[in-house]
Amino acid sequence: LDVFDDHPIVERTSMNSWDDEGFRAAIKATGKKNIIMTGLWTEVCVTWPTIEMLGEGYNIYVVEDCCGATSAVAHEAALSRMVQAGATRLTTIPALLEWQRDWANREHYDDLMTILRPQAGAYGVGIEYAYSMVHKAPQTAKHPHKPANKGV
């Protein structure tokens with residue numbers, strides 16, 4: 001929650017966040033129609049509000065590797081149900097890079113790289129390589145690799 005420390009937390013008891021007036025008000029207050037959904041329980045806490053929000057004209061993008069389910073089968077069934085209702089499936093890195101759009105956009109670049117370098121698997125390794133080998137920045141590893149000196 002530290003990432004969003006300037007945003008209020010919407011407390012609720014319903015499994016379907018769209019049932020909660022506070023949640024609906026928070027979404028509507030953004031004025032945005034494109035909503036990214038993630039959640040702890042794909043088949044309930046993500047699916048139910050997604051279907052209702054689609055019905056109210058929102059474009060919903062479900063970041064499927066940021067959701068959890070009771071089983072792989074339940075996860076896939078929930079994702080299929082949301083897509084059939086009109087949602088779009090995507091994964092974390094494409095979602096983040098779609099926001100970034102252009103590497104010349106520096107507003108969130110450093111924050112994004114801080115997240116991606118250690119957390120984005122092969123993509124993070126590629127970023128680390130570009131930083132340390134191409135741009136000669138220090139490696140972020142706890143035990144950085146020291147290339148052999150080949151008489152250069």
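Everything discussed here concerns the structure shown above.
Let me begin by describing the structure that accompanies this report.

Cut-off values and rules
Residue numbering note: each chain is counted from 1, following its sequence as written. Where local features are concerned, this predicted model is filtered to residues with pLDDT of at least 70; where side-chain atom pairs are given and counted, the filter is 80 or more; whole-chain, interface and lining totals use all residues. The basis for every side-chain value is the complete set of non-hydrogen atoms in the structure, without hydrogens or water. Within 6.5 Å between ring centres, the rings of Phe, Tyr and Trp (the latter by its six-membered ring) count as paired, and their orientation is classed by plane angle as stacked under 30 degrees, edge-to-face over 60, tilted in between. In this description a helix means any DSSP run of H or I spanning at least four residues, a strand means any run of E spanning at least two, and both kinds are numbered starting from the N terminus. Note on exposure labels: buried denotes an accessible area under 20% of the residue type's maximum, exposed denotes more than 50%, and partly exposed covers the range between, all computed with a 1.4 Å probe on protein chains only. In our convention, an over-ring charge means Lys NZ or Arg CZ found within 6 Å of a ring centre and within 35 degrees of that ring's normal. We define the nonpolar core as a collection of buried residues of types Ala, Val, Leu, Ile, Met, Phe, Trp, Tyr and Cys that are connected through side-chain atoms lying within 4.5 Å of one another. By the convention used here, residues are in contact when the closest approach between their heavy atoms is within 4.5 Å. Whenever a carboxyl oxygen of Asp or Glu lies within 4 Å of a side-chain nitrogen of Lys or Arg, that contact is scored as a salt bridge. Between the N-to-C directions of two axes lies an angle of 0 to 180 degrees, each axis being a line fitted to C-alpha atoms and, for a helix, fitted only over the stretch in contact. Any angle that is under 35 degrees is reported as roughly parallel, and any over 145 degrees as roughly antiparallel; angles of 65 to 115 degrees are reported as roughly perpendicular and all others as oblique. A pair of strands is treated as paired once DSSP finds two or more bridges between them.

Some details on the packing of aromatic side chains
Part 1: Under the counting rule described, the total for this entry stands at 2 aromatic pairs.
Part 2: Where W18 meets F23, the ring centres are 6.1 Å apart and the plane angle is 85 degrees; that geometry is what we call edge-to-face.
Part 3: Between the aromatic rings of W18 and Y58, the centroid separation amounts to 5.7 Å while the plane-to-plane angle is 75 degrees, which identifies the pairing as edge-to-face. Remark: Y58 occurs in the loop between α2 (42-55) and β2 (59-67) and W18 occurs in the segment before α1 (21-30); sequence separation between them is 40 residues.
Part 4: For Y58, a relative accessible area of 7% puts it in the buried group.
Part 5: Through successive ring pairs, a cluster of aromatic residues spans W18, F23 and Y58.
Part 6: Sitting above the plane of the Y58 ring, K33 keeps its charged end 4.2 Å from the centroid.

Focus: the nonpolar core
Part 1: One finds M53, I60 and V62 to be the most contacted residues of the largest nonpolar core, which totals 16 residues.
Part 2: Taken together, the elements giving at least two residues each to this core come down to α1, β1 (34-39), α2, β2 and α3 (72-85).
Part 3: Contacts of I60, omitting those with residues within four sequence positions, involve I35, M37, T50, M53, L54, A87 and T88.
Part 4: L96, M113, L116 and Y131 belong to the second largest nonpolar core, which has 8 residues in total.

Digging into the pattern of salt bridges
Part 1: Scanning all chains against the criterion turns up 4 salt bridges.
Part 2: Put simply, E21 and R24 hold a salt bridge, and the shortest N to O gap is 2.4 Å. Here E21 and its partner R24 are both found in helix α1, 3 residues apart, which amounts to about one turn of the helix.
Part 3: For R89, the salt bridge identified is with E64, shortest N-O distance 2.7 Å. In this pair, R89 is assigned in strand β3 (residues 88-90) and E64 in strand β2, connecting sequence segments 25 residues apart.
Part 4: Where salt bridges share partners, they join E64, E76 and R89 into one cluster.

Focus on the packing of α2 against α3
Part 1: Orientation of α2 relative to α3, taken along the N-to-C sense of each, is 0 degrees, at an axis distance of 10 Å. In terms of their interaxial angle, α2 and α3 are classed as roughly parallel. Residues T42, E43, V46, T47, W48, T50, I51 and L54 of α2 touch α3, and the partners they reach there are A74, H75, A78, L79, R81, M82 and A85.

Concerning the sheet that holds β2
Part 1: Sheet architecture is open: 3 strands sit in the order β1-β2-β3, paired in parallel fashion. The outermost strands of the open sheet, each flanked by one partner alone, are β1 and β3. Each adjacent strand pair in this sheet contributes to an overall mean axis angle of 30 degrees, direction not counted.
Part 2: Bridge analysis of β2 against β3 gives 3 bridges, and the strand direction is parallel. Bridge pairing in β3 places V63 opposite L90.
Part 3: The sheet strands contacting α3 are β2 and β3, and the helix crosses β2 at an angle near 170 degrees.
Part 4: Strands in contact with helix α4 (residues 92-100) are β1, β2 and β3; relative to β2, the strand with the most contacts, it is inclined by about 130 degrees.

From the geometry alone we can't say anything about function, so treat these as descriptive.
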